[in-house]
Every structure is written in structure tokens, then in C-alpha cells.
Amino acid sequence: MLQNTPRSHARLKGLGVVVSLAIAAAAIFALTHALKNVDYDEVFAVVGRTSPGVIVMALMLVAISYASLTLYDLLALRTIGRADIPYRIAALASFTSYPIAHGVGAVALIAPVIRYRVYSRHGLGVFDVANISFLTGLTFWLGNLTALALSLFCAPDAISLINYLPPSANRWLAAALLSAVLAFLLWTWRAPRSFGTRRWPVRLPSGPVVLLQIAIGIFDLGAAALAMYVLLPAGLDIGVFRVIAVFIAATLLGFASHSPAGIGVFDAAVLIGLAGDEKEPVIAALLMFRFLYHFLPFVLALGLFGGLEGWRSFRGRSRP
């Protein structure tokens, strides 16, 4: 049995830092190469030619994606036995924690702090919030891996320029990912599962809830990827499954790099996977997507959380 000693924990943490820096460095190099000889006047011309209807459609898909993200917290609350927490509180915790933490680039550190500020008013402690953060992360990964595998079956060559694997190997990768998700689903379906200590148990969701997690994760990622897809000019003729596969791979790489909003890493992966010889339209779509999916929710979440904290501070001072 492996012991989780402080030294081994420090080594794993150090390895994670090295991997993150390696991904970021490789992405910066790839992005610098991809942006050579780009006509930025054409990029902004493509943005200008994008119809308002397309922008509205992309914004609606972004809203659907963030709405489905709120179900991550709701499912986690139900899993830990806190059905008394209403949906509006789960939605508030989700919408304030995810855009801010992802925008700053320290999801594992900042998201739990923001969630604690929201949930502590409703009787949840530090361990409860840590459990919720773990379960929401589980939903994220289950949805990502399942959606990536399904899209790779439909477009196995979609990420070949990113992972340097031939389409046949990507199909095997998709099969391996689906097998792993299916094995986890069957494992949780057979009996209630938990880990940790008797004092600090971490309860895993039951099989039916895991299946619901996968469905919600796919719906969330599908809506976000479709927002990117509709922003691409029709003349590029890029298939939807290719966009989904590249989008998810770029999201995972950006998440692993821990850079704010995956900046540089996400963009490099999208350009490598989708641009080809026509970089300007893809860069234009990226700029619009970045504004709609990252910048706008970040500003709204920051304003909402700041307003909430200000109101609480005001009420605390006004009490005798």
C-alpha cells in the first residue's frame, strides 16, 4: 500500500508544476509560430462581418452552458445529503466560483474559497465545500472525457495535429476513455462508494447520478463547443465533431496548464486543430468566443460576488 507522506505529496505537486510549465511553454511556442504572417486587419474585418444573429445565437449557447454548470453544484449538494440547499444558492455558488477561478487561473484554490463564502451562510463547513468541489470536478472530467471520446469516434483525425497520433490510434484512445468511464459507472452502480476516513468520508455519487453527471457534462461542453462552432465562418467547412473534439482537447490542455482562462494554451490548440491555412477567420472566432464565454461571465461573476460581499459587510456593520 502506498503511503501518502509529505515528501511524496511534495514530489507529486512538483511534478504537476513541471507538467503545467511544460504545457504552457509548448503552447507559447506553438502560438507564436501560428500567429506569424497573420493579417490582423482581416481578423477584425471577419469580426465586423459576423452577423448580429450569429452573435446572439452564440451568446444563447454560452448561457445554456453556464446554466448547465449550475447543475454541477446542485448534484454535488444532493450527493452529500444537503437537499435543503435551494437551487438558487447552488446557482449562485457555481456562477460566481467558476468564471472567477477560471479567469484567474487557480481553479483548485479560488473556487472552493468562493463556494465557502456562499455556502457557509447555509450551514456548510470546510469539508462539505471540499467535497462539493471534488464532486463538481468529477462531473467536469466525466463529461469531458465522454464527449471527447464520442467526438473522436466521429472525427478521429480531429486532434492528430495536437497529439501527433494517427486517426486509428485516436480511435483506440476514444475506446479506452469510454471503457474507463463505463467501468467507473458500473463500479458505482453496484453499491454505494466512498473513500477517506471515518471522520472525513467522501461519498461518491450512485450509478444513476453518475450517468446524470455524464449527461450534464456532455450538455455543458456541447453547448460551449457549439458556441465556438457557430462563430466560425461557414466558408471554412469545418465539421461540428471536429470542432467539439478540438475544443475539448484545448479545454483540457488549458485546464492542465493552470494559466488564466487557459490563455495561450487553449488558443494554440484551437488554431493548430482548426485553422489550417486560413488562420484569420479562426482567430476572429476565437476573439469573439473569448469575449462571450470568458470575459463577459468573468465581469458579471466578479460584480455579483463583489456586490454580495459588499452587501454582507454593510449589513454586518449596520447591526447593533
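Residues numbered from 1 in each chain as written. Predicted model: local features only at pLDDT ≥ 70, side-chain atom pairs only at ≥ 80, totals over all residues. Heavy atoms only, no water.

**With respect to the overall build of the protein**
The line we're drawing: Helix and strand assignments follow DSSP, with helices taken as H or I runs no shorter than four residues and strands as E runs no shorter than two, numbered in order from the N terminus. Throughout, a residue-residue contact means that at least one pair of heavy atoms, one from each residue, lies within 4.5 Å. In short, Shrake-Rupley with a 1.4 Å probe defines the accessible areas, and a residue's cover is counted only from the protein chains shown.
Looking only at helices and strands, the protein features twelve helices and two strands. For the protein, the N- to C-terminal ordering of α and β elements is α-α-α-α-α-α-α-α-β-β-α-α-α-α. For the protein, restricting intrachain contacts to residue pairs at least 6 apart in sequence, the fraction spanning at least 24 positions comes to 71%. Carbon and sulfur atoms provide 70% of the accessible area of the protein, an area that totals close to 16,800 Å².

**Describing the side chain of Ser160**
Within the fold, Ser160 resides in helix α7 (residues 160-163). Discounting residues that sit within four places of it in the chain, Ser160 has contacts with Leu165, Pro166, Pro167 and Asn170.

**Structural notes on the nonpolar core**
Stated formally: We call a set of buried Ala, Val, Leu, Ile, Met, Phe, Trp, Tyr and Cys residues a nonpolar core when their side-chain atoms join them within 4.5 Å. Only protein chains enter the accessibility calculation, which uses a 1.4 Å probe; a residue whose area is less than 20% of its type maximum is buried, one above 50% is exposed, and one in between is partly exposed.
If you look at the biggest cluster of nonpolar residues, it comprises 55 residues, and the most contacted ones within it are Met228 and Leu232. Setting aside its immediate chain neighbours within four residues, Leu232 contacts Ile238, Val243, Leu274, Val282 and Ala285.

**Examining the environment of Ile218**
With respect to the helices, strands and loops of the structure, Ile218 is situated in helix α9 (residues 207-231). Given a relative accessible area of 30%, Ile218 falls into the partly exposed group.

**Brief notes about the confidence of the model for the protein**
For clarity, the threshold we go by: Scored from 0 to 100, pLDDT records how confident the predictor is in each individual residue.
Mean pLDDT over the protein: 84, with 86% of residues reaching 70 or higher. Highest mean pLDDT in the protein belongs to helix α3 (residues 52-79) (94); lowest belongs to helix α1 (residues 6-34) (56).

**Topic: helix α10 (residues 240-257)**
Selection criterion: Helix span, as expected, comes to 1.5 Å for every residue beyond the first.
For α10, which comprises 18 residues, the first-to-last C-alpha distance of 26 Å matches the rise-based estimate of 26 Å (1.5 Å per residue) to within 8%. Within the sequence span of α10, burial applies to Val243, Ile244, Ala245, Val246, Phe247, Ile248, Ala249, Ala250, Thr251, Leu252, Gly254 and Ser257.

**Section: the packing of aromatic side chains**
For clarity, the threshold we go by: Only rings of Phe, Tyr and Trp enter the pairing, Trp through its six-membered ring, and a pair is recorded when the two centres are within 6.5 Å. The plane angle decides the type: under 30 degrees is stacked, over 60 is edge-to-face, the rest tilted.
Going through the model one piece at a time under the given rule, you end up with ten aromatic pairs. With a centroid separation of 5.1 Å and 10 degrees between ring planes, the pair formed by Phe289 and Tyr293 is classed as stacked. Of this pair, Phe289 and Tyr293 are both found in helix α12 (residues 279-318), four residues apart, which corresponds to roughly one turn of the helix. Across this residue pair, the class does not change: Phe289 and Tyr293 are buried. Members of the aromatic cluster, connected to one another through ring pairs, are Tyr66, Phe95, Tyr98, Phe247, Phe266, Phe289 and Tyr293.

**Examining the side chain of Ser94**
Tracing the backbone shows Ser94 in helix α4 (residues 87-104). When its relative accessible area of 4% is taken as the criterion, Ser94 is described as buried. When sequence neighbours within four positions are dropped, the list of residues in contact with Ser94 reads Leu69, Thr70, Asp73 and Pro99.

**Some words on the environment of Thr251**
Rules: Pairing of N or O atoms within 3.5 Å defines a polar contact, subject to two protein rules: one partner must be a possible hydrogen donor and the other a possible acceptor, and residues neighboring in sequence count only if both atoms are side-chain atoms.
As for its placement among the helices and strands, Thr251 is situated in helix α10. With 14 residues separating them along the chain, Thr251 and Val265 place their C-alpha atoms 8.5 Å apart. Not counting the four nearest positions on each side in its chain, Thr251 is found in contact with Phe140, Asn144 and Phe266. A distance of 2.8 Å separates a polar side-chain atom of Thr251 from the backbone oxygen of Phe247.

**Notes on the pattern of salt bridges**
We count it as follows: One side-chain nitrogen of Lys or Arg within 4 Å of one carboxyl oxygen of Asp or Glu is enough to make a salt bridge.
In the structure shown here, the tally under the stated rule is six salt bridges. The salt bridge partner of Asp157 is Arg242, with a shortest N-O separation of 3.9 Å. Here the residue Asp157 occupies a position in the loop between α6 (126-154) and α7, and Arg242 occupies one in helix α10, the gap between them amounting to 85 residues. Given the relative accessible area of 39%, Asp157 is considered partly exposed. We classify Arg242 as partly exposed; its relative accessible area is 22%. For Asp267, the salt bridge is made with Arg290, and the minimal N-O distance between the two is 2.8 Å.

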